[in-house]
Amino acid sequence: MFTLPNRLKEKNPQLSRELKGRLSPRNIGLTIALSLLAQIVMMIGYWGKLPYHRDAEQYPLSSQYNPFCVPTSESSRFDYSHKCIYDALGNPAIDWHRWWYEIFHLMSWVLPLIVFTVGVYLLISDIGREEKRGTLNFVRMSPQRSQNILLGKLIGVPAIAYLIVAAALPLHLMAGLNGYVSLVDIGISYVLVAAIAGCLFVAATLFALMGGSQGWVGAIAVWSGYVIFFSAWQSHRPVRYTYGIRSIERLLPLPDWYGLKISHSIEMILLFGVITFSTATFWLWQSANRRFRKPTATVISKRQSYLMTACFELWLLGFVVNSITWNEWQRPIHYQMILLFANLGWFLFLIAALSPHRQALLDWARYRQQKMAEQHRTGRKLLIQDLCLGESSPAVLAIALNLAIAAVPMLIWVASWTNAREQEQAVLSVLLSATIALMIATLTQLILMQRSAKRSIWAVSVILALLILPPILLSLVGGWYAKSPLAFLWSLTLFAPYLTWISASTALLGWLAQVGILAGLSTTLTRRLVKAGVSESKALMAGAKR
Amino acid sequence: MQQTLAIATHGLTKRFDNHLAVHEVELQVETGEVYGLIGPNGAGKTTLIRMLAMAEEPTLGEIYIAGERLQRDRDKPSLKRQLGYLPDDFPLYDDLTVWDYLEYFAHLYQLRDPYRTRRLHEVLDLVQLGHKRNSLIASLSRGMKQRLSLARTVIHEPSVLLLDEPVSGLDPIARVQFREIIKTLQATGMTVLISSHVLSDLAELCTSVGVMELGYLVESASLQELYRRLSRQEIVITTLGSLSDLEVELRHHPQIEVLVSCADKHQVRVQFSGTVEAAADLLRSLVQAGLPITGFHQTQEDLEAIFLKLEHTQTS
């Protein structure tokens, strides 16, 4: 039987439990055998791609096209279908560096895909199952720190995926070195894969701690994301064969970041990727730990949300500041649309992560006064403090604060523009999109207060329907934005271009209508919360009379 | 005062939507006690125990374990080491052996060798699973799994043990075994809070009892106090002679309250409010009166009868 050192068991019992359960001699043998078999099949496949021997007597002048031939001339080096040259015996001259590079290239894409999908699948299934069965509760009750337990899960649960890849690393390294890839580049790529894996695995853990238990959902999401990224990479990969040559073209469809040319070299892409994914992992890690310690808590605290939004906005703004040369076709307002679109996604996440559910809201409405009295706190000022920082208070004011945090850097950037008309449009766009985000936040909070057990599904469905359906319906009835631009201000639209077709006063009119709806939703929410609190007071008074 | 209590709650309330599962419970359990929690299904016993075990967050109120405030979102390793909790469904890891499972929890509770290995053997002996130490958990019977769960619960020698319906679903032999283990744990000085529907078990184990109804703790007292207040004695007297002579003699006695005759068995059942000495005096007087008494059996109403008498049987 596989025995683990006692030190590891004492240092991280969770990791030792996971490894012991998974790394049985049978599992280790099977996994390594499977990995080696796949490598052999791949090598046979690539061996078959090599140019074949030419019968010099029968076909003295014939030649074949093969990408792995030594090119006849330097100019044809970049031609993928160059002709082969042969020696007197008819043996083709093979470009082995290129052959090894192609193997390295394939493995560099396939190995991370295996780690990501298998790891995410295993983590969601394992933690989801433990959470459902209730075994995780006993671990929670132990004096171990949440970080220790989660780290044990992150390293231990995907152990089989790590083993598959570890068994393939010697070949990958050999292929890279033979393909003239520097050790530094290979090393950075390993760090990047580790950073992405860390981010995905912590996200998978958080998903499972939030109640998700279908590992295949995570695996499909990772697979799809990976395929999309791979396609983007391939479409930007220079047609020319680039081993050993530093390409000056962009390798990814990404603009510069605060003037840094992040997509021009592999090293910069890797470095930027490592920093970005590490920051995302840090925040996800905070949320996963919070959720592990207190499963009924919101995914993030209000305090965390402000820092996260600031972080996200500064990261996002980097892509448009000092990096694009504005011209007739590339106006800053077009890039602001992209920022607004990214922000819409961010705020949908924030609303989902910050909004407390029915039980927490009812308890907050019912017992807030009592809890404040227990803590010897009173006053209106403290209500605002509670709404901004409280654990189970409604999320609307916190979302408004996050919107302000997001708007400030964007508006500073807008102030640096030179076109006054575009500035006006940009400010209106921020105003309109922020109000829509607040409307969504209030509506979500209202839906989450419903008694239905499936209120989360309801909230997602209603919000998505409200965002997506109006533009579809409007386009179906022929109401394209040129005809009824105001109608589009209500839905998932990249607001700015529509504003170019309408006057500022019309846009303001639209905004006022939005504010009216927001006021209506807020009043309804307040009334419901007050009602929940009052009904409790009545019950308490009735109890006292009895 | 709080310092001496193993468990103390103040205004402990748990609300699920509009349903009050536990309402302003003021529970006080002295160190070393075995406290039985009884009440109908849905009275709030499980919710109360889950809150004490930090598996559920209270809506309102405070919990103190050995004088220290319990808060779910704060990591307090010292407090967690004091608690052992066995829920009624006792989930386990079927892929581990008995030894590996206990060792895993011993590591989680940061027990160090050689104490750890000694403790593992101790708890295996306690729950009589030493011979199964290398068996997979999946192969154990329900009773064995229950005992293994108890072993996991006490591996770190908690000072407070919370047991929720620990004998439900067990056969009579397994129940007796389980009861004996609890007695052993009590002897080591652990404070035990146990909820059960098997009141005869509780009567044998507990020093105090709390009754829950509709989320309220409606009764909380020592078992002796409950018996003194609510349990009535019954005496069954059998005679060879005439039942009417016996009844006439008994009616002269002031401590006899209710009298029921059973002619076919030549028996009279009486409810008696006197002490044991008074019962002896009664027997003496009957014999001196020349009645041919062949049986004189004194019994006391059990916990089940007391519970039914309390009429706290409404679910929340």
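Cut-offs used in this document
- Residues numbered from 1 in each chain as written.
- Chains lettered and ligands numbered in written order.
- Predicted model: local features only at pLDDT ≥ 70, side-chain atom pairs only at ≥ 80, totals over all residues.
- Heavy atoms only, no water.
- UniProt positions renumbered as here; feature names shortened; annotations may be inferred.
- Helix = DSSP H or I, 4+ residues; strand = E, 2+ residues; numbered from the N terminus.
- Contact = heavy atoms within 4.5 Å.
- Areas by Shrake-Rupley, 256 points an atom, 1.4 Å probe, with all protein chains shown as cover.
- Buried < 20%, exposed > 50% of the residue type's maximum accessible area, 1.4 Å probe, protein only.
- Phe/Tyr/Trp six-rings, centres within 6.5 Å; stacked < 30°, edge-to-face > 60°.
- Lys NZ or Arg CZ within 6 Å of the ring centre and 35° of its normal.
- Pairing = 2+ DSSP bridges.
- Axes fitted to C-alpha atoms, helices over the stretch in contact; angles between N-to-C directions.
- Buried area = accessible area lost by both parts, 1.4 Å probe.
- Salt bridge = Lys/Arg side-chain N within 4 Å of Asp/Glu carboxyl O.
- Nonpolar A, V, L, I, M, F, W, Y, C, P; charged D, E, K, R; others polar.
- Parallel < 35°, antiparallel > 145°, perpendicular 65-115°, else oblique.
- Left-handed = near helix turned anticlockwise from the far one by under 90°.

Looking at an unreviewed UniProt entry, one finds chain B named ABC transporter ATP-binding protein, with Oscillatoriales cyanobacterium SpSt-418 as its source organism. The record held by UniProt for chain B lists under Sequence similarities (unreviewed entry) the comment "Belongs to the ABC transporter superfamily."

Draft legend 1. Representation of the overall build of chain A in the model. Secondary structure summary: chain A contains 20 helices and zero strands in total. Taking the contacts inside chain A whose residues are at least 6 apart along the sequence as the reference set, 71% of them involve residues at least 24 apart. Just so you have it, chain A exposes about 27,200 Å², and 69% of that area is on carbon and sulfur atoms.

Draft legend 2. Region of the structure containing the side chain of Arg116(B). Tracing the chain through its elements places Arg116(B) in helix H4 (residues 115-126). Judged by its relative accessible area of 2%, Arg116(B) falls in the buried class. With near-sequence residues (within four places) excluded, Arg116(B) lies in contact with Asn6(A), Glu10(A), Ala106(B), His107(B) and Leu111(B).

Draft legend 3. Structural view of the packing of aromatic side chains. Using the criterion set out here, one finds 23 aromatic pairs over all chains in the structure. Relative to Tyr226(A), the ring of Phe116(A) has its centre 5.9 Å away and its plane inclined at 75 degrees; by these criteria the two rings are edge-to-face. A residue pair is termed long-range when its members are at least 10 positions apart, and Phe116(A) in helix H4 (residues 96-133) and Tyr226(A) in helix H9 (residues 215-236) qualify at 110 residues. Taking the relative accessible area as the measure of exposure, Tyr226(A) reaches 13% and is therefore buried. Here the aromatic cluster, defined as three or more aromatic residues joined through ring pairs, consists of Trp257(A), Tyr258(A), Phe272(A), Phe312(A), Trp315(A), Phe319(A), Trp346(A) and Phe349(A). Positioned above the aromatic ring of Phe138(A), the side-chain terminus of Arg152(B) is 3.6 Å from the ring centre.

Draft legend 4. Spatial organisation of the sheet that holds strand S10 (residues 208-213) of chain B. Residue and element names in this part refer to chain B. Strand order in this open sheet of six strands is S7-S8-S9-S4-S10-S11, and the pairing throughout is mixed. A strand with exactly one partner marks an edge of an open sheet, and here the two such strands are strand S7 (83-86) and strand S11 (216-222). The mean inter-strand angle of the sheet, taken between neighbouring strand axes irrespective of direction, is 15 degrees. In the sheet, S10 pairs with S11 via six bridges, with the strands oriented antiparallel. Paired with Val 211 across the bridge in S11 is Glu 219.

Draft legend 5. Structural detail: the interface of chain B and chain A. Every contact between the two is made by 36 residues of chain B and, on the other side, 37 residues of chain A. Interface area for chain B against chain A, summed over the two sides, is near 3,500 Å², with a carbon-plus-sulfur share of 49%. For the pair chain B and chain A, the interface holds four salt bridges. The salt bridge involving Asp100(B) is made with Lys20(A); its shortest N-O contact spans 3.4 Å. Put simply, the parts of the chain that give the side of chain B that touches chain A at least two residues each are strand S1 (5-16), helix H2 (77-82) and helix H3 (98-108) of chain B. Of the residues forming the side of chain B that touches chain A, the biggest block, six residues, is contributed by H3(B). When the residues that make up the side of chain B that touches chain A are grouped by side-chain class, the tally is 15 nonpolar, five polar and 16 charged.

Draft legend 6. Region of interest: the environment of Leu126(B). All names here are of chain B. Residue placement: Leu 126 occurs in helix H4. In this structure, the C-alpha to C-alpha distance between Leu 126 and Tyr 109, residues 17 residues apart in sequence, is 19 Å. Dropping the residues within four chain positions of it, Leu 126 is found in contact with Val 154, Ile 181, Thr 184 and Leu 185.

Draft legend 7. The sheet that holds strand S12 (residues 233-239) of chain B, seen in detail. All names here are of chain B. Judged by pairing direction, the sheet is antiparallel, and its four strands sit side by side in the order S13-S14-S12-S15 without closing on themselves. A strand with exactly one partner marks an edge of an open sheet, and here the two such strands are strand S13 (256-262) and strand S15 (293-300). Within this sheet the neighbouring strands show an average axis-to-axis angle of 20 degrees, counted without direction. Where S12 lies against strand S14 (residues 267-272), six bridges are found, and the strand directions are antiparallel. Residue pairing in the sheet places Thr 238 in a bridge with Gln 267 of S14.

Draft legend 8. Highlighting the packing of helix H11 (residues 302-317) of chain A against helix H12 (residues 332-354) of chain A. Residue and element names in this part refer to chain A. Across the interface, H11 lies against H12 with an axial gap of 12 Å and an inter-helix angle of 165 degrees. Classified by the angle between their axes, H11 and H12 sit roughly antiparallel to one another. Helix-helix and strand crossings are classified by hand; for H11 and H12 the assignment is right-handed. In this structure, H11 contributes Lys 302, Ser 305, Met 308, Thr 309, Phe 312, Glu 313, Leu 316 and Leu 317 to the contact, and H12 contributes Leu 339, Ala 342, Asn 343, Trp 346, Phe 347, Phe 349, Leu 350 and Leu 354. Within the contact of H11 with H12, the residues separate by chemical class into 11 nonpolar, three polar and two charged.

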